[in-house]
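Coordinates in review
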Amino acid sequence: MSVYGDYLKSVIRTVRDWPEPGINFRDITPVLQNSSAFRKLIDSFVHRYQGMEIDAIAAIDARGFIIGAPVAYELNCSFVPIRKKGKLPFQTISETYRLEYGEATVELHADAFREGDRIVVMDDLIATGGSMLAAANLIERSGGHVVETAAIIDLPEIGGSERIRGEGHSVFAVCEFTEDE
C-alpha cells in the first residue's frame, strides 16, 4: 500500500447495490475531483517507480488511462493504451480472458514495445485479475518485461491479486477494500 493509501481510501466513494444488488461499487471519481487527492494518487505511483528505469506505462481501457498517462508523463516514459477489441487503428495482437459471464478481449499495437522494455501495467481496480493478466500476457508476447502490475484498488477477497502473483507478477495497489467496507 501507499503511504497515502488510508487517506485515498477515505476519499473513494462506495456505492452500495450498484450496478446490481449485492455489489459494492468503488467509485474513484471523488479522488479525481479533489486536486489534493488526485495528486497524492499519482504521487503514490510516481514515488514507487521513480528510479526503476521504466520504459512504459501500459494502461488498461478506460479508467487505467486516467492514472497511466500522468504517471508516464512524470516518469518521463511512454504511455501505451491497452484497448478493448476493435478500438486500435493499426496492426494489433489480442488476448481473450474470461469474465464471470462470458469473455472479453483486449488489444495492443503490435509495435508497442521493443524486446526487453520494462513495463508497468496499470488499471483502476483488481477484482478477478483477468484483464490485468491478459494485458501482462500481451506485453510479454510483444517482447516487453512486466515489472509490476499496479492499481488504485485491490479487492483481495475476490482473489485477483493472488491469481496475478500466482502467474509470477508482482502486484501493487494504493489501497484495498474488503467486501464489508
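An unreviewed UniProt entry annotates the protein chain as Adenine phosphoribosyltransferase originating from Kushneria sinocarnis. Under the heading Catalytic activity (unreviewed entry), UniProt records this for the protein chain: "AMP + diphosphate = 5-phospho-alpha-D-ribose 1-diphosphate + adenine". Its UniProt record gives the protein chain the following Pathway (unreviewed entry) comment, quoted word for word: "Purine metabolism; AMP biosynthesis via salvage pathway; AMP from adenine: step 1/1."

**Quick word on the pattern of salt bridges**
Working definition: two side chains of opposite charge can pair if their charged atoms are close together. This structure, assessed with the given rule, holds seven salt bridges. Here K9 ties to E181 by a salt bridge, and the two come within 2.6 Å at their closest N and O atoms. Note that K9 is positioned in helix 1 (residues 5–11) and E181 in the segment after strand 9 (171–176), a separation of 172 residues in sequence. The partner of R63 in a salt bridge is D124, with the nearest N and O atoms 2.6 Å apart. Of the two residues, R63 sits in helix 4 (residues 63–75) while D124 sits in strand 7 (residues 118–126), which places them 61 residues apart along the sequence. Judged by relative accessible area, D124 falls into the buried class, the value being 8%.

**Quick word on the side chain of R26**
Summarising the element assignment, R26 is placed in strand 2 (residues 24–27). Although R26 is buried, it makes no salt bridge; E181 carries the closest opposite charge, 6.1 Å away. At 3.0 Å, the side chain of R26 forms a polar contact with the backbone oxygen of T178. At 2.8 Å, the side chain of R26 forms a polar contact with the backbone oxygen of E181.

**Looking at helix 5 (residues 130–141)**
The first and last C-alpha atoms of helix 5 sit 16 Å apart over twelve residues, in line with the 16 Å expected at 1.5 Å per residue. With respect to burial, helix 5 is a largely interior element, nine of its twelve residues being buried. Along helix 5, the residues classified as buried are G130, S131, M132, L133, A134, A135, A136, L138 and I139. Within two residues after helix 5, G143 carries a phi angle of roughly 100°, on the positive side.

**Side note on helix 3 (residues 35–49)**
End to end, helix 3 covers 21 Å across 15 residues, agreeing with the expected 21 Å (1.5 Å per residue, within 8%). Those residues of helix 3 that fall on the buried side of the exposure criterion are A37, L41, I42, S44, F45, V46 and Y49. Looking at the buried side of helix 3, the elements it contacts are helix 1, helix 2 (29–33), helix 4, strand 7, strand 8 (145–154) and strand 9. With a side-chain oxygen lying 3.0 Å from the backbone nitrogen of S36, the N-terminal cap of helix 3 falls on N34.

**Brief notes about the sheet that holds strand 8**
Read from one edge of the open sheet, seven strands run 5-6-4-3-7-8-9, paired in mixed fashion. In the strand order of this sheet, the two ends are held by strand 5 (92–99) and strand 9, each with one partner. Adjacent strand axes in the sheet meet at a mean angle of 25°, parallel and antiparallel pairs treated alike. Pairing between strand 3 (residues 56–60) and strand 4 (residues 78–84): five bridges, direction parallel. Within the sheet, the bridge partner assigned to A59 lies in strand 4 and is P81. Sitting on the sheet, helix 4 touches strand 3, strand 4, strand 7 and strand 8, and the angle it makes with strand 3 is about 170°.

**Brief notes about the layout of surface pockets**
Space inside the largest pocket adds up to approximately 1300 Å³. Lining the largest pocket are 38 residues, and of these L125, A127, T128, L155 and I158 sit closest to its centre. Elements supplying a minimum of two residues to the lining of the largest pocket: strand 2, strand 4, strand 5, strand 6 (102–109), strand 7 and helix 5. Considering each element in turn, the lining of the largest pocket owes the most residues, four residues, to strand 7. Looking at the lining of the largest pocket residue by residue, the classes come out as 18 nonpolar, eight polar and twelve charged.

Cut-offs used in this document
Residues numbered from 1 in each chain as written. Predicted model: local features only at pLDDT ≥ 70, side-chain atom pairs only at ≥ 80, totals over all residues. Heavy atoms only, no water. UniProt positions renumbered as here; feature names shortened; annotations may be inferred. Salt bridge = Lys/Arg side-chain N within 4 Å of Asp/Glu carboxyl O. Helix = DSSP H or I, 4+ residues; strand = E, 2+ residues; numbered from the N terminus. Buried < 20%, exposed > 50% of the residue type's maximum accessible area, 1.4 Å probe, protein only. Lys, Arg positive; Asp, Glu negative; His and termini not counted. Polar contact = N/O pair within 3.5 Å; in protein donor to acceptor, adjacent residues only side chain to side chain. Expected span 1.5 Å × (residues − 1). Contact = heavy atoms within 4.5 Å. Pairing = 2+ DSSP bridges. Axes fitted to C-alpha atoms, helices over the stretch in contact; angles between N-to-C directions. 1 Å grid on protein atoms, 1.4 Å probe; cavity = no way out; pocket = protein on both sides within 12 Å on 5 of 7 lines; lining within 4 Å. Points joined across faces, edges and corners; volume = space filled by probe spheres on them. Nonpolar A, V, L, I, M, F, W, Y, C, P; charged D, E, K, R; others polar.

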